[in-house]
Amino acid sequence: MLQLIENPPTWPNGARCAVCFAYDMDAESLLHLYYPEDSMRRITLSSALRYGPRIAMPRIMRIWKHFDIRQTVYVPGWCVETYPDVVRMLADEGHEIGHHGWLHERVNALTPEGEADVLRRGIDAITALTGQRPVGYRCPSGAFSPQTLDLLIAEGFRYDASLAGDDVPYMIESSGGRMIELPSDHALDDWPQYVNMRDFNHMLPIQPPDVAMRVFRSEFDAAWEGGGIWSSVWHPFVSGRPARAAATVELIEYMQDRGGVWFATMAEIAAHIDGLVSRGEWVPRSERLPFWSEPVPQIARPIR
Ligand SMILES: [Zn+2]
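Note that the coordinates shown come from a computational prediction; the quantities given were computed from them, not determined experimentally.

A. Structural detail: helix 4 (residues 84–92). Looking at helix 4, one finds that the buried residues are Val 86, Val 87 and Leu 90. The buried residues of helix 4 occupy one face: seen down the axis, they fall within an arc of 100 degrees. Exposed side of helix 4, more than 90 degrees from the buried face: Asp 85 and Asp 92 are the residues found there. Taken from the residues just after helix 4, Gly 94 is the one with a positive phi, measuring 90 degrees.

What follows is the structure in structure tokens.
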């Protein structure tokens with residue numbers, strides 16, 4: 001068969017690919033970030049978002065328990081402090097709590113000092129509740145900044161899961177050092193499939209779960225064939241609704257039936273890659289950040 005993914009790493013126990021159902025538990029951080037003036041009056045939006053930590057996350061945890069797998073949830077620090085019980089339950093059941101900002105800030109719009117403060121507050125919130133410092137980071141809203149990598153390295157993070165530059169883990173480097181990137185892609189995000197929210201100007205038609213799962217399953221099949229990593233960017237309040245949760249159960253069953261799938265937390269995947277690289281058993285690709293130091297001059301401009 002034609003190999004479409006170049007230079008895949010080996011996976012534990014001869015597995016064909018690595019899978020992590022990674023969720024971003026944003027809850028009402030989005031409400032307070034985007035509507036600071038009248039967040040108190042937006043009761044309906046608040047209720048849809050808090051469905052995530054209150055109803056959907058425990059349901060997703062029941063699914064994980066059923067299949068006996070440990071997965072990863074990225075949680076903004078403010079959500080850790082606002083919904084401590086569910087975050088503690090996740091940690092107690094062996095799931096990884098990753099860093100996802102403080103209030104879901106778009107850090108590429110902040111000063112470097114502001115971004116550093118947000119990073120520290122998020123680390124402190126997770127560490128205080130779980131007793132474990134986060135080792136993984138996923139940037140809120142995909143707003144990775146030119147300083148993000150240096151800040152993550154300075155704070156001792158082990159991996160990032162914000163970028164989309166390959167189908168297998170790779171290294172990102174800057175003047176400050178280098179770090180493992182565990183890439184994903186918008187094709188594995190649940191927003192384009194299911195979210196229709198006027199408050200966020202996101203008005204795509206809602207897909208039936210079996211249509212959405214065709215997208216996610218195709219990506220899985222390709223990762224399985226080529227030795228890649230499949231890591232979702234899902235949200236409890238979106239993918240944790242009953243019909244979508246039921247379709248998720250079927251997807252996990254499908255993956256298990258194919259066989260040779262390594263279900264792991266993103267931290268475990270990063271540790272595995274770290275081992276391969278440090279033992280010289282695999283040489284990952286590497287990319288230096290940031291990509292551009294100045295705007296590219298445009299030699300002609302559109303007529304307005
Ligand atoms: Zn998020």
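B. Focus on the nonpolar core. Core analysis: the biggest nonpolar cluster contains 69 residues, and Met 266 and Ile 269 have the highest contact counts within it. The leading source of residues in this core is helix 11 (residues 266–278), at 5 residues. Contacts of Met 266, omitting those with residues within four sequence positions, involve Cys 20, Ala 22, Thr 72, Glu 96, Gly 98, Gly 136, Tyr 159, Ala 161, Leu 182 and Ser 231.

C. Quick look at unusual backbone geometry. The step from Leu 289 to Pro 290 runs through a cis peptide bond, and the omega angle for that step is -15 degrees. Structurally, Pro 290 is set in the segment after strand 13 (286–288). The phi torsion at Asn 7 lies on the positive side, around 50 degrees, for a residue other than glycine. Inspection of the secondary structure assignment puts Asn 7 in the segment before strand 1 (17–20). In this structure, Ala 27 takes a positive phi of about 45 degrees despite not being glycine. Considering the arrangement of structural elements, one finds Ala 27 in the loop between strand 2 (22–24) and helix 1 (29–34).

D. Region of interest: the pairing of strand 4 (residues 96–99). Alternating residues of strand 4 divide into Glu 96 and Gly 98 and Ile 97 and His 99, and every residue in both groups is buried. As paired elements, strand 3 (residues 72–75) and strand 4 share 4 bridges and run parallel to each other. Across the sheet, residue Tyr 74 finds its bridge partner in strand 4, namely Gly 98.

E. Fine view of the packing of helix 8 (residues 209–226) against helix 10 (residues 242–258). Their axes nearest at 10 Å, the elements helix 8 and helix 10 cross at an angle of 25 degrees. With respect to helix 10, the axis of helix 8 lies roughly parallel. Read as a crossing pair, helix 8 and helix 10 show a hand that is right-handed. Residues Pro 209, Asp 210, Met 213, Phe 216, Arg 217, Phe 220 and Trp 224 of helix 8 touch helix 10, and the partners they reach there are Ala 243, Arg 244, Ala 247, Leu 251, Tyr 254, Met 255 and Arg 258. Tallied by class, the residues present in the contact of helix 8 with helix 10 amount to 10 nonpolar, no polar and 4 charged.

F. Inspection of the sheet that holds strand 1 at higher detail. With respect to topology, 3 strands assemble into an open sheet ordered 11-1-12, the strand pairing being parallel. The strands lining the two open edges of the sheet, one partner per strand, are strand 11 (229–231) and strand 12 (261–263). Put simply, the sheet's adjacent strands are angled 20 degrees from each other on average, direction ignored.

G. Focus on the environment of Ser 162. Here Ser 162 shows up in the loop between strand 6 (159–160) and strand 7 (170–174). With 23 C-beta atoms counted inside 10 Å, the residue Ser 162 sits in the buried group. Residues Ser 162 and Leu 289 lie 127 residues apart in sequence; the distance between their C-alpha atoms is 13 Å. Setting aside residues up to four positions removed in sequence, Ser 162 forms contacts with Tyr 137, Arg 138, Cys 139, Gly 142 and Phe 144.

What counts and how
Residues numbered from 1 in each chain as written. Predicted model: local features only at pLDDT ≥ 70, side-chain atom pairs only at ≥ 80, totals over all residues. Buried ≥ 20, exposed ≤ 12 C-beta atoms within 10 Å, placed from the backbone. Helix = DSSP H or I, 4+ residues; strand = E, 2+ residues; numbered from the N terminus. Arc of directions from axis to C-beta. Core = buried A, V, L, I, M, F, W, Y, C linked by C-beta atoms within 7 Å. Contact = placed C-beta atoms within 7 Å. Pairing = 2+ DSSP bridges. Axes fitted to C-alpha atoms, helices over the stretch in contact; angles between N-to-C directions. Parallel < 35°, antiparallel > 145°, perpendicular 65-115°, else oblique. Left-handed = near helix turned anticlockwise from the far one by under 90°. Nonpolar A, V, L, I, M, F, W, Y, C, P; charged D, E, K, R; others polar.

Read these as spatial facts, not as claims about activity.
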